[in-house]
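# Coordinates in review
These are the residues of each chain, in order.
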Amino acid sequence: MATDNVAYLRRKSALPVEGIEPYIPEPGEEYMNEKQLEHFRNILVAWKKSLMEEVDRTVDHMKEDATNFSDPADRATQEEEFALELRARDRERKLIRKIEKTITRLDEGDYGYCDACGIEIGLQRLEVRPTAELCIDCKTTQEIKEKQMAV
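Here the structure is a predicted model, which means the values were calculated and not measured. (Residues numbered from 1 in each chain as written. Predicted model: local features only at pLDDT ≥ 70, side-chain atom pairs only at ≥ 80, totals over all residues. Heavy atoms only, no water.)

### Some details on the packing of aromatic side chains
One pass over the full model with this rule turns up two aromatic pairs. Note on Tyr 31 and Tyr 113: the rings are 5.3 Å apart at their centroids and 85 degrees apart in plane angle, and the pair reads as edge-to-face. Linking Tyr 31 in the segment before helix 1 (34-65) with Tyr 113 in the loop between helix 2 (72-108) and helix 3 (123-128), this pair joins segments that are 82 residues apart in sequence. Judged by its relative accessible area of 4%, Tyr 31 is buried. Under the relative-accessibility criterion, Tyr 113 is labelled partly exposed at 29%. With a centroid separation of 5.6 Å and an interplanar angle of 55 degrees, the aromatic rings of Phe 40 and Tyr 111 are classed as tilted. With a gap of 71 residues between them, Phe 40 in helix 1 and Tyr 111 in the loop between helix 2 and helix 3 connect regions that are remote in the sequence. Phe 40 gets classed as buried once you look at its relative accessible area, which sits at 0%. (Phe/Tyr/Trp six-rings, centres within 6.5 Å; stacked < 30°, edge-to-face > 60°. Helix = DSSP H or I, 4+ residues; strand = E, 2+ residues; numbered from the N terminus. Buried < 20%, exposed > 50% of the residue type's maximum accessible area, 1.4 Å probe, protein only.)

### Quick word on the UniProt feature "binding site: Zn(2+)" (unreviewed entry) in the protein
Within this numbering scheme, the UniProt entry marks Cys 114, Cys 117, Cys 135 and Cys 138 as carrying the feature "binding site: Zn(2+)" (unreviewed entry). A stretch of 25 residues holds the annotated residues, and the largest C-alpha distance among them is 8.2 Å, short enough that they meet in one place. Looking at the element boundaries, Cys 117 is found in the loop between helix 2 and helix 3. For Cys 117, a relative accessible area of 41% translates into the label partly exposed. Tracing the backbone through its elements, the reader meets Cys 135 in the loop between helix 3 and helix 4 (136-150). When its relative accessible area of 3% is taken as the criterion, Cys 135 is described as buried. Once residues within four sequence positions are removed from consideration, Cys 135 is found in contact with Cys 114, Cys 117, Ile 119, Glu 120, Ile 121 and Arg 125. (UniProt positions renumbered as here; feature names shortened; annotations may be inferred. Contact = heavy atoms within 4.5 Å.)

### A few points about the nonpolar core
Counting 25 residues, the largest nonpolar core has Met 32, Phe 40, Tyr 111 and Leu 126 as the members making the most contacts within it. Counting residues per element, the ones that place at least two in this core are helix 1, helix 2 and helix 3. The element best represented in this core is helix 1, accounting for six residues. Leaving out residues up to four positions away in the same chain, Tyr 111 has contacts with Met 32, Leu 37, Phe 40, Thr 102, Arg 105, Leu 106, Leu 126 and Pro 130. (Core = buried A, V, L, I, M, F, W, Y, C linked by side-chain atoms within 4.5 Å.)

Structure follows, in structure tokens:
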């Protein structure tokens, strides 16, 4: 992988989870070597753990706050809050499945390469979106096609 003229992430806020430093490869380092694979596995596992903890907090919150209000407006407000939380958790549930699928790809040796064209996705893109399956060019093309089909 050519690492010339590439600026690597230095901000932790760009990563999807807290507590993991951005990966900065050594000059001439092979793409998707053991160190890189372990780094991305750590990100994926920590991200999944964080999402699972959020699901548990939501369940606990809904159990604690489930009050039978006599006022219809209060009841409607509570139901709307619960509906919003459940929608968010549903998106997170789908993301957890995608993370699990990505960990499987990592185990099978397919991680880091574009599903469409087979080239390297790139460390920068994977740092920001560890579940990426397409390189930036293929993803851009896919989004353009989706927009054209929607019209």
